[in-house]
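Residue-level structural notes
Letter by letter, the chains look like this.
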Amino acid sequence: MADFGHAFARRTRLRGGDELTAILAGSPPGVLSMTGGFPNPATFPTDELDEIAARLVREDAAVALQYTPCAGIPSVREYLIERQEQLHGRRPERAELIVTSGGMECIALMCQALIDPGDTVAVEAPSYLGALMAFGGAEADTVAIAIDDDGLRVDELAERLAAGLRPKFLYTIPEYQNPTGRTLSLERRHALVELCRRHGVLIFEDVAYRELSFDGTSLPSLWSLAPDVVLQAGTFSKSFFPGVRLGWAAGPSDVVSELAAAKQNTDQCAGGLGQRLLEEYGRAGGFERHLPAARALYASRWAALSAALTHHMPEEVEWTEPTGGFLAWLTLPEELDTLAMRPAAVAAGVAYVPGPPFHVGDGGRNTLRLSFSHLTEGELEAAVERLAAVVRGALGQASARSDARAL
């Protein structure tokens, strides 16, 4: 068989992707998986979609089943503009919003439109591994800014900017961050937009989990605070269903225009049927009817996971306390390696995502991400019990090695 490895572009060696491939592939039978950030299928509005889809195919096939304008079907864009005003208290102009094929496409479009090889991009540490892969594939110099329980360390970013850092943009996930579940505080939101406006830095705000707060409340989005310096990327994968592959980009018109131009060289247009499904569902009040139940489901799953962690985990283990979304972040003692631990965890019947792929460089060896969206409360209890046993075993082995070195 011919080998075409010599023909592959240099970017294929830069983007990574093995971890994301493993997440999407799922876990072996009998393994309780807490890997993928997938919404629970119980939240999918199947009955309503059945009726809407049949009606669209019957009555609107010329639009729903046809190619669409690159920026989105006009009526869908108008709905999304209205929804932005409803949710964020600010109405974008038509030139400030386009429809995308999910949030990940917006990340890819930002790479195409803004990044030349060697350009600097600032990210949170840790950050969404899909975004890190995209920035790596675009040959960006990715610089990490620390986060803590209140989100991005704006003071650290200020120091880096004062020292000469000039990123093309800062990529941030303000709510229920992937992978940590943390939320950027209100004080830091104001400080961040003021800082970036002063230095002329574009903020790339990813709001994938924003609508899944456990109590239904939310802080002002960065875009609502500073639409002149914020490009917001949203997705309906978490609040509607992932198979629709729809999202949006809202921000400065010149940036949005370049994203639309870049989209002409990717998928050219988001699927018309999905766009019209979204519009009909949204205009009929579907989100208002169904999101409260989704929030309650994820809140109950987090409560179960939190209780299980408290009951089973060794006292040396720490974890974040998300107030929405469906991700939590565990920090283990420094002597443990979550990549090395993973085979033992799978053998014990539990799967997680190790921390290193979420970091720039070699950080995060003693961290891991858990998703609590899919498993039942009983399964979460069993999964944590299995994981805790693996952690205790690894701690025992590390202690034995330390004792051996002391002899």
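Attention in this report is confined to the structure presented alongside it. Remember, predicted model here, so these are calculated numbers, not experimental data.

The next subject is the pattern of salt bridges. Enumeration according to the criterion identifies 23 salt bridges in this entry. Residue Arg94 pairs with Glu78 through a salt bridge whose shortest N-O separation is 3.2 Å. Taken together, the residues span a long stretch of sequence, with Arg94 in the loop between α4 (74-88) and β2 (97-100) and Glu78 in helix α4 at a distance of 16 residues. Overall, the relative accessible area of 24% leaves Glu78 in the partly exposed class. Between Arg283 and Glu82 there is a salt bridge, with the nearest N and O atoms lying 3.1 Å from each other.

Let us now look at the environment of Ala383. Relative to the helices and strands, Ala383 resides in helix α14 (residues 377-406). Here Ala383 falls in the buried class, since its relative accessible area comes to 0%. The sequence separation of Ala383 and Glu288 amounts to 95 residues, and the corresponding C-alpha distance is 33 Å. In contact with Ala383, not counting residues within four places along its chain, are Leu32, Met34, Val350 and Leu375.

Taken in spatial order, the 8 strands line up as β2-β9-β8-β7-β6-β3-β4-β5 in an open sheet, and their pairing is mixed. Each edge of the open sheet carries a strand with a single partner, namely β2 and β5 (151-152). Of the strand pairs in this sheet, strand β8 (residues 230-235) and strand β9 (residues 247-250) are connected by 4 bridges, and their pairing is antiparallel. Each bridged residue has a counterpart across the sheet, and for Ala233 the counterpart in β9 is Ala249.

The next thing to look at is the sheet that holds strand β10 (residues 318-319). Strand order in the open sheet formed by 4 strands is β10-β11-β14-β13, with antiparallel pairing between adjacent strands. The open sheet has two free edges, formed respectively by β10 and β13 (353-354), since each of these has just one partner strand. Note: β13 against strand β14 (residues 367-371), 2 bridges, orientation antiparallel. Looking at β14, one finds that Val353 is bridged to Arg369.

On to the packing of helix α2 (residues 46-59) against helix α11 (residues 272-283), then. Relative orientation of the contacting elements α2 and α11 amounts to 120 degrees, with a least axis distance of 10 Å. When the axis of α2 is compared with that of α11, the two are oblique. For α2 against α11, the interelement crossing comes out right-handed. On α11, the residues touching Glu48, Leu49, Ile52, Ala53, Arg55 and Leu56 of α2 are Leu273, Arg276, Leu277, Glu280 and Tyr281. Of the residues assigned to the contact of α2 with α11, the class counts are 7 nonpolar, no polar and 4 charged.

The rules behind these values
Residues numbered from 1 in each chain as written. Predicted model: local features only at pLDDT ≥ 70, side-chain atom pairs only at ≥ 80, totals over all residues. Heavy atoms only, no water. Salt bridge = Lys/Arg side-chain N within 4 Å of Asp/Glu carboxyl O. Helix = DSSP H or I, 4+ residues; strand = E, 2+ residues; numbered from the N terminus. Buried < 20%, exposed > 50% of the residue type's maximum accessible area, 1.4 Å probe, protein only. Contact = heavy atoms within 4.5 Å. Pairing = 2+ DSSP bridges. Axes fitted to C-alpha atoms, helices over the stretch in contact; angles between N-to-C directions. Parallel < 35°, antiparallel > 145°, perpendicular 65-115°, else oblique. Left-handed = near helix turned anticlockwise from the far one by under 90°. Nonpolar A, V, L, I, M, F, W, Y, C, P; charged D, E, K, R; others polar.

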